[in-house]
Every structure is written in structure tokens, then in C-alpha cells.
Amino acid sequence: MKVGGRQYVTVWGSREGVPEVRVIDQRKLPFAFEIESLTTVGAVAIAIRDMHVRGAGCIGATAGYGMWLAAGECRGSEERLRELAAQLTATRPTATNLAWAVARQLRALSAHDASRWPEIAWREAEAIAAEDAEWCRRIGEHGLPLIREVAARKAPGEPVNILTHCNAGWLAFTDWGSATAPIYTAHRAGVAVHVWVDETRPRNQGARLTAWELAGEGVPHTVIADNLGGHLMQKGEVDMVITGTDRTTYTGDVANKVGTYLKALAAKDNDVPFYVALPSSTFDWETADGVADIPIEERDGGEVSRVEGMLASGELAEVDIVNPGSATANYAFDVTPARLVTALITERGICQASREGIAELFPRGGG
Ligand code: MRU
């Protein structure tokens, strides 16, 4: 997507001089647009853990490039390579794409002599990043008819109202986004859309990142408190929900940013279609029961008790918002059972959120 008239992806590598992974530093958005340079596996691991980069596909692609740095740093030692791989994988436990990208790199490298690892890992990292963008673009194509169908029932010019949670936009991938790809595609095709953007406490990825992205593409949108969605659905103000996902079981259970489950319940109660958009790199082909078995990342309670924003002086600052001394809990994700998901939008098309529906589109699973 374009920022200030220039085309960007969220993460890329540079081989001119010292090997470098470059990322858009998402901690600064929407207040500042800065590129960060990462030159060691340790720096990549910190950037993922501390959410300089975030979002399932983006952390997968960043880990892919991290493995390229690892292929140089390990100096031909397979033991060291595996240690560095484990360091990357441990940074964020819920999103599948991260572990998937690291495992894909290890598989690719294991087929070659150690002297070739940096070159092989570079190629694989480039492929992971490019595929991520292409798969998201296709999600946009497959999701467009769902939006068009609703638009056809509306008065001319009346927008299709889409609610989304967190940021499953281009910042969460290398480009396009998952939940936002159908929205961007529809908007570019001249279909009137309006997006209800859940602010997404505690880190406010909706208010900060999704709103910034939509503004950049000129998509009409309104930021709302996380608790408003149910009311809007009761009033007929939401035509569909589209969210992303950090991990989806092969049976269709969806782990996504905490709060997603409550939106799915409200959508079910109000007959609002609830779609989940994902590239196949987000499927977990081993897990059947998402509620029981998907590991849910628990983050620092400080993300709940403090909030960050920009002061009138232009400085970024954090303020306390919770009674001093009160306990906080900060589970980063929740699981929406497949029965609440209307359909999945993938790079291969749309399918039911069920073992059979997913198997029809992906008969070989992750193979
Ligand atoms: O904790 P984050 O910001 O990395 O969480 C990921 C997300 O932004 C959402 O859960 C998103 O909807 C899925 S990632 C495409």
C-alpha cells in the first residue's frame, strides 16, 4: 500500500552492505511513520515480542527474514541454527504464521549444504513475504462478491457497513491485509463501504492502525469503543463483520484478538454474517479443538493499566488509567467456535468453517 505516495510493504530485506531486515515500526503509528533496521536475530526477536511488528502474516514474514539472518549468524552450525529458530518461535505463541515460517525455513535449509544456507534462506524469506501479499490480494478478490451482494440490496450510494476488530489490515501482513483486503478491493471497485473500527483495547490496534490504514486508502470509517458493536447490530447498522485470525484450527475454530468472540456472539444473535479472512498459512493443521488447545498469549498487565497517546506537545506519552494497586489480566486472544463463523475467506475461495468445508478447499492440509 502507499504511504505518502510511496509504495511500501511492512517488512523487507536488504543485502546491500550488512544484511538487514527493515520493518515499519508499528509502535509509532499513527503519529509517526518510521522504518526500523534489524541486523541480528536477537533484534528481530525483540521486534516481534515487543510488537514493533505485529499481526499474524507480518510476524510470519519477519520471522522468515529473521531466519535468513540466523542462516548467517549460525556459521554453519545446525545446533545454533535450531537455537535461533527456537528463539524466534518463542516470541509470540498464538499466531501460527510465525512457527509456520520458521519451520518452512528449517525444512528448506535442511535440504542443502550449510555453505548455501544464507542464499537459500534469503530466497525462502522473499517467497514467504511475496506469497503473503499475493494470498491476501486473492482474499480480496474472493471477498468482493460478498460485499457486492449486500450492496445490491441497498439504495444507490448507501454504504455497506462492515465491522472489524483489531488490525487485520496490510500492517498485519506484508500487504493488503486479510479482513481489509475485500474492503480495499470493494472500495477500489467503486462499491460504497463504511467500516466500524473497534478501537481494540488494550493496545488499540483498531483506533491506531486500522483507522490509519483506512484513512490512507480513503475508505470511510468510524472508530468505536469495543462495547458498541452489539448495539449497532441491534439497530441494523452492521451488514457484516469481517475479522482476521491468528490461528484457525482445521475444524474452523478461530483464535483472534481478544473481544472477537463477543462480537461473534452478538452477530449470531442479530443474524449478522460473521466472516473470518485468512491465508492458509494461518491454519493449524494439528489442532481440532481451538477453545481447549490453542495457547493464548498472556501479556504484561501494564498494557491494561496504562494507555499510550500523543500529547498536545507532539510527544508520545503513557498515562495510568486503573486504580493503583488493582490487579489486571491481559489475555491477548480469544477463540470463536466454528459454529459462530458464517464462512472463511481464503486465498483459494470461500468455505464453511468446518472440517469438511476446509478440507474441500485444502485437501492436502498444510502439505
Ligand atoms: O497482537 P497482535 O496485534 O499481533 O494481534 C493480531 C491481530 O492484529 C489480530 O488478532 C488480527 O485480527 C489477526 S492478525 C491478521
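Here, residues in each chain are numbered from 1, in the same order as that chain's written sequence. Given that the model is predicted, a residue must reach a pLDDT of at least 70 before its local features are reported, and side-chain atom pairs must reach 80 or more before they are shown or counted; all residues, however, enter totals for whole chains, interfaces and linings. Side-chain measures were taken over the full set of non-hydrogen atoms in the model, leaving aside hydrogen atoms and water.

A. Just the environment of T62, in detail. Helix and strand assignments follow DSSP, with helices taken as H or I runs no shorter than four residues and strands as E runs no shorter than two, numbered in order from the N terminus. With respect to the secondary-structure elements, T62 resides in helix α2 (residues 56–73). Relative accessibility under 20% of the residue-type maximum defines a buried residue, over 50% an exposed one, and the middle range a partly exposed one, all with a 1.4 Å probe and only protein chains included. Its relative accessible area of 0% is what places T62 among the buried residues. Residues are treated as being in contact if the distance between any of their heavy atoms lies within 4.5 Å. Those residues in contact with T62 that sit more than four places away from it in its chain are V11, V23, V44, I48 and V53.

B. Spotlight on the side chain of H165. If you trace the backbone, H165 turns up in the loop between β6 (160–164) and α6 (180–188). Within the structure, the side chain of H165 is placed 2.8 Å from the side chain of D198, a separation counted as a polar contact. Of the polar contacts made by the side chain of H165, one reaches the backbone oxygen of V258; its length is 2.9 Å. Excluding anything up to four places from it in sequence, H165 contacts D198, T200, D226, I242, T243, K257, V258, G259, T260 and K263. Throughout this description, a polar contact denotes any pair of N or O atoms lying within 3.5 Å of each other; where both atoms belong to protein, one of them has to be capable of donating a hydrogen while the other can accept it, and for residues adjacent in sequence the pair is counted only when both atoms sit in side chains.

C. Representation of the domain arrangement of the chain within the structure. Residue ranges assigned to the domains are those given by an automatic or database domain assignment. Along its sequence, the chain is organised into domain 1 (2–130) and domain 2 (138–361). Placing a centre on the C-alpha atoms of domain 1 and another on those of domain 2 gives a separation of 25 Å. Counting residues at the interface gives 31 residues for domain 1 and 32 residues for domain 2. Summed over both partners, the accessible area lost on bringing two parts together, with a 1.4 Å probe, is the buried area. Taking both sides of the interface into account, the surface hidden between domain 1 and domain 2 amounts to around 2600 Å²; carbon and sulfur atoms contribute 56%. Sorting the residues of domain 1 by area buried against domain 2 places F31, R54 and T94 first, and these three jointly supply 24% of that buried surface. For salt bridges, the criterion is a side-chain nitrogen of Lys or Arg within 4 Å of an Asp or Glu carboxyl oxygen. If you look at where domain 1 meets domain 2, you find one salt bridge. In this assembly, domain 1 and domain 2 are joined by 19 residue pairs in polar contact (both at pLDDT 80 or more).

D. Representation of the site of the ligand in the model. Being near a molecule or strand, for a residue, means having at least one of its heavy atoms within 4 Å of it. What surrounds the ligand is a group of 17 residues, the closest being R54, R92, D246, N256 and K257. Between the ligand and R92 there is a distance of 2.7 Å, counted from an oxygen atom to a side-chain nitrogen or oxygen. Coverage of the ligand by the protein amounts to 100% of the 400 Å² it exposes when considered alone. Comparing atom positions with the cavity grids shows the ligand to sit within the largest cavity. Residue classes follow a fixed rule: Ala, Val, Leu, Ile, Met, Phe, Trp, Tyr, Cys and Pro count as nonpolar, while Asp, Glu, Lys and Arg count as charged, and any other residue, Gly among them, counts as polar. Residues that form the shell around the ligand fall into these classes: seven nonpolar, six polar and four charged. When residues of the shell around the ligand are assigned to domains, at least three fall in each of domain 1 (2–130) and domain 2 (138–361). Areas reported here follow the Shrake-Rupley algorithm with a probe of radius 1.4 Å; residue values treat only the protein chains shown as occluding. Using a 1 Å grid laid over the protein atoms alone, points where a 1.4 Å probe fits but cannot get out form a cavity; open sets with protein on both sides within 12 Å along at least 5 of 7 lines form a pocket; any residue with an atom within 4 Å of a point counts as lining. Assignment of a molecule to a cavity or pocket requires that more than half of its atoms lie within 2 Å of the corresponding grid points.

E. How the structure looks around the packing of helix α1 (residues 41–49) against helix α3 (residues 78–89). Interaxial angle, 0 to 180 degrees, is taken between N-to-C directions of lines fitted to C-alpha atoms, where a helix line uses only the stretch in contact. Running from N to C, α1 and α3 point in directions that differ by 15°, and their axes come no closer than 9 Å. Taken together, the axis directions place α1 and α3 in an arrangement best described as roughly parallel. Every pair of crossing elements has a handedness; the one defined by α1 and α3 is right-handed. Residues V41, G42, V44 and A45 of α1 touch α3, and the partners they reach there are L84, Q87 and L88. In terms of residue class, the contact of α1 with α3 is made up of five nonpolar, two polar and no charged. Working rule for angles: under 35 degrees goes down as roughly parallel, over 145 as roughly antiparallel, 65 to 115 as roughly perpendicular, anything else as oblique. Should the near helix be turned anticlockwise from the far one by less than a right angle, the crossing is termed left-handed; should it be turned clockwise, right-handed.

F. Quick look at the packing of aromatic side chains. Only Phe, Tyr and Trp rings are paired, with Trp represented by its six-membered ring, and only when their centres lie within 6.5 Å; those with planes under 30 degrees apart are stacked, over 60 edge-to-face, the remainder tilted. Across all of its chains, the model carries 10 aromatic pairs by this definition. Note on F33 and W212: the rings are 6.1 Å apart at their centroids and 20° apart in plane angle, and the pair reads as stacked. Of this pair, F33 sits in the loop between β4 (20–24) and β5 (35–38) while W212 sits in helix α7 (residues 205–217), and the two are 179 residues apart along the sequence. When its relative accessible area of 29% is taken as the criterion, F33 is described as partly exposed. Judged by centre distance (6.2 Å) and plane angle (35°), the ring pair of W170 and W212 falls under tilted. Placement of the pair is W170 in the loop between β6 and α6 and W212 in helix α7, with a sequence separation of 42 residues.

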